[in-house]
There are 2 protein chains.
Amino acid sequence: MERRFEREIESLKTSLIKMASVVEDSVASAVQALLKEQKDLAEKVIAGDERVNELELENDNTIVDLLALQQPVASDLRFIIAAQKINNDLERIGDHAVNIAESAQTFAATHEQEPLLEIPKMCDIARGMLKDAIDSFINVDPILAKRVLERDDEIDDLNKKMIRAVIELIKSDMKSLEVGLELTRVSRNLERIGDLTTNIAEEVIFQVQARVVKHHAEDRSDVHKIH
Amino acid sequence: MERRFEREIESLKTSLIKMASVVEDSVASAVQALLKEQKDLAEKVIAGDERVNELELENDNTIVDLLALQQPVASDLRFIIAAQKINNDLERIGDHAVNIAESAQTFAATHEQEPLLEIPKMCDIARGMLKDAIDSFINVDPILAKRVLERDDEIDDLNKKMIRAVIELIKSDMKSLEVGLELTRVSRNLERIGDLTTNIAEEVIFQVQARVVKHHAEDRSDVHKIH
């Protein structure tokens, strides 16, 4: 029983790492499709989302089975709860990659080189945060996870800067109205990917330190220990 | 032990119902603040979000304790897993109410009666979906939960219609540029509230039927039974 349980925990971890790698690829491809106006690559990201949804369902069922049949305690339980949330966060990051891929298609269809303003910088930060959040999960590295949390403000500020820049862009040239609205959509999706990678980093820290660091911005001293 | 466990499950349910009621009020107040341009009410919604975050943390800790100390099985386990997800969904709905309240402040500051296009209709649907999703959870009513799922397409369509309407609005009057961007922000937040109430409804159905109905749009026949 004990051995089978350990095997199942390992297999859940492997499955999550695989899903993380699929989602990381989706975000990277969606961003490349957007920056390089590659319509085919955008199409691939959109088609690939079904696989992400399947993986989420598989993992969710594994998690329910593990909780129901094995009655885990202590650190195993913490891992399973973190896994459940990370599973959900990854699926949602996949959805945002799809949204960015859809915007990439819109941009590619206009046959013009668009001004992307802060988008390339936001892409870099979001991809870096996602990579580090996933690495911190794989290597159980709370220090790396904390560094992910610190970068979230940066992407939030760039999102606000984007809205102002888009307003200026449209004011200077009314023809960029549709493009401008699409740019704010991409910007928000990148900002949401930042939030979700922050969630993953928080789960890694929770798993390691048995503390809930959510809502860390409001009160970093008020962490809740698990009894 | 058995009795204490039942009491704790009941107390978790009560706490979630309380949180649901707080979040429902936040959405209703944010919407009213927006439609009636009531700045004070918007301020109240923003200030009230801290309470929602506290409730989420409390519930999360209760859930971890229940799983760790009581090792629940079968229907209790299903309830606890559903509770964990609903807890998270409610907190996120609270965040969207805050976003809408922020937009309400922007609108109130302009001292003009703005054209709200499809927003009032979207507000009605989102509030109705949220109320029904919460009622379906309280009364364990999967039929009501299914009706919530059916309404999600409606709000998605209105969100798309809004984007087109805003483009027309700005084209006809460049002065409505900032207002237009703010309207798309409100529209997207309402659409996200629709998605999250759909999640809650899915959890209610999962809890009752022990089936995963997520990603129902892709393949309704492919439901996963719990072993």
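Note: the structure precedes this text.
About the criteria used
- Residues numbered from 1 in each chain as written.
- Chains lettered and ligands numbered in written order.
- Predicted model: local features only at pLDDT ≥ 70, side-chain atom pairs only at ≥ 80, totals over all residues.
- Heavy atoms only, no water.
- Helix = DSSP H or I, 4+ residues; strand = E, 2+ residues; numbered from the N terminus.
- Contact = heavy atoms within 4.5 Å.
- Buried area = accessible area lost by both parts, 1.4 Å probe.
- Salt bridge = Lys/Arg side-chain N within 4 Å of Asp/Glu carboxyl O.
- Polar contact = N/O pair within 3.5 Å; in protein donor to acceptor, adjacent residues only side chain to side chain.
- Expected span 1.5 Å × (residues − 1).
- Buried < 20%, exposed > 50% of the residue type's maximum accessible area, 1.4 Å probe, protein only.
- Phe/Tyr/Trp six-rings, centres within 6.5 Å; stacked < 30°, edge-to-face > 60°.
- Axes fitted to C-alpha atoms, helices over the stretch in contact; angles between N-to-C directions.
- Parallel < 35°, antiparallel > 145°, perpendicular 65-115°, else oblique.
- Left-handed = near helix turned anticlockwise from the far one by under 90°.
- Lys, Arg positive; Asp, Glu negative; His and termini not counted.
- Core = buried A, V, L, I, M, F, W, Y, C linked by side-chain atoms within 4.5 Å.
- Least-squares fit on C-alpha atoms with pLDDT ≥ 70 in both.

## As for the overall build of chain A
Argument step 1. For chain A, the count of helices and strands is six helices and two strands.
Argument step 2. Counting from the amino terminus, helix and strand elements in chain A follow one another as α-α-α-α-α-α-β-β.
Argument step 3. At a minimum sequence separation of 6, the contacts of chain A that also span at least 24 residues come to 79%.

## Some details on the interface of chain A and chain B
Note on interface size: it is often stated as the accessible area lost on association of the parts.
Argument step 1. Each partner contributes to the interface: chain A provides 36 residues, whereas chain B provides 36 residues.
Argument step 2. Carbon and sulfur atoms make up 61% of the surface buried where chain A meets chain B, a total of about 3,800 Å² over both sides.
Argument step 3. Here chain A is connected to chain B by four salt bridges.
Argument step 4. For the salt bridge of A:Lys85 with B:Asp60, the shortest nitrogen-to-oxygen distance reads 2.8 Å.
Argument step 5. In this structure, the connection of chain A to chain B is made through four residue pairs in polar contact (both at pLDDT 80 or more).
Argument step 6. Breaking the side of chain A that touches chain B down by element, the ones donating at least two residues are helix H2 (39-70), helix H3 (74-109), helix H5 (142-172) and helix H6 (177-209) of chain A.

## A short note on helix H3 (residues 74-109) of chain B
An α-helical turn contains 3.6 residues, so a residue and the one three or four places further along point in the same direction.
Argument step 1. An ideal rise of 1.5 Å per residue puts 52 Å on 36 residues; H3(B) measures up with 53 Å between its terminal C-alpha atoms.
Argument step 2. Most of H3(B) is tucked away: 28 of the 36 residues are buried.

## A short note on the packing of aromatic side chains
Residues and elements named next belong to chain A.
Argument step 1. The full count for this structure, using the stated rule, is two aromatic pairs over all chains.
Argument step 2. A centroid spacing of 6.1 Å and a plane angle of 10° characterise the contact between Phe 79 and Phe 137, whose relative ring orientation is stacked. Placement of Phe 79 in helix H3 and of Phe 137 in helix H4 (residues 119-138) is noted, with a sequence separation of 58 residues between them. Here Phe 79 matches Phe 137 in class, with each residue buried.

## As for the packing of H2(A) against H3(B)
Argument step 1. As a packed pair, H2(A) and H3(B) sit with axes 10 Å apart at the nearest point and diverge in direction by 130°. Between H2(A) and H3(B), the crossing angle belongs to the class labelled oblique. Here the hand of the crossing between H2(A) and H3(B) comes out right-handed. Facing H2(A), whose interface residues are A:Asp60, A:Val64, A:Leu67 and A:Ala68, H3(B) presents B:Leu77, B:Ile81 and B:Lys85.

## Some words on the environment of A:Asn59
All names here are of chain A.
Argument step 1. Looking at where Asn 59 falls in the secondary structure, it is placed in helix H2.
Argument step 2. Sequence separation of Asn 59 and Gly 94 is 35 residues, and the distance between their C-alpha atoms is 15 Å.
Argument step 3. Beyond its immediate stretch of four places on either side in the chain, Asn 59 contacts Leu 12, Ser 15, Leu 16, Met 19 and Asn 87.
Argument step 4. Within the structure, Asn 59 has its side chain in polar contact with the side chain of Asn 87 (distance 3.1 Å).

## Let's talk about the side chain of A:Lys13
Residue and element names in this part refer to chain A.
Argument step 1. Relative to the helices and strands, Lys 13 resides in helix H1 (residues 2-36).
Argument step 2. Notably, Lys 13 is buried but unbridged: the nearest opposite-charge side chain belongs to Glu 10, and the N-O separation is 5.6 Å.
Argument step 3. Other than its neighbours up to four places away in sequence, Lys 13 contacts Phe 79, Phe 137, Ile 138 and Val 140.

## Focus: the nonpolar core
Argument step 1. Counting 136 residues, the largest nonpolar core has A:Ile119, A:Leu183, B:Ile119 and B:Leu183 as the members making the most contacts within it.
Argument step 2. Contacts of B:Leu183, omitting those with residues within four sequence positions, involve B:Phe107, B:Pro115, B:Leu116, B:Leu117, B:Ile119, B:Met162, B:Val166 and B:Leu169.

## Quick notes on the relation of the copies chain A and chain B
Argument step 1. For these two chains of identical sequence, chain A goes onto chain B by a turn of 180° and a shift of 0.0 Å along the axis, with RMSD 0.0 Å. The operation mapping one copy onto its partner corresponds to a two-fold rotation axis. Nearest to the rotation axis, the C-alpha of A:Gln71 is located 2.8 Å from it, this being the minimum over chain A.
Argument step 2. Looking at chain A, 100% of its interface residues are interface residues in chain B too, so the copies touch through the same face.

## Concerning the environment of A:Glu150
Residue and element names in this part refer to chain A.
Argument step 1. The residue Glu 150 is located in helix H5 in this model.
Argument step 2. What makes Glu 150 exposed here is its relative accessible area of 55%.
Argument step 3. In this structure, the C-alpha to C-alpha distance between Glu 150 and Gly 94, residues 56 residues apart in sequence, is 23 Å.

## A closer look at unusual backbone geometry
Residues and elements named next belong to chain B.
Argument step 1. For Glu 37, which is not glycine, the phi torsion reads 50° and is therefore positive.
Argument step 2. Position of Glu 37 relative to the elements: it lies in the loop between helix H1 (2-36) and helix H2 (39-70).
Argument step 3. Positive phi values are uncommon outside glycine, yet Leu 117 reaches one of about 55°.
Argument step 4. Here Leu 117 lies in the loop between H3 and helix H4 (119-138).
Argument step 5. The partly exposed category is assigned to Leu 117, whose relative accessible area is 37%.

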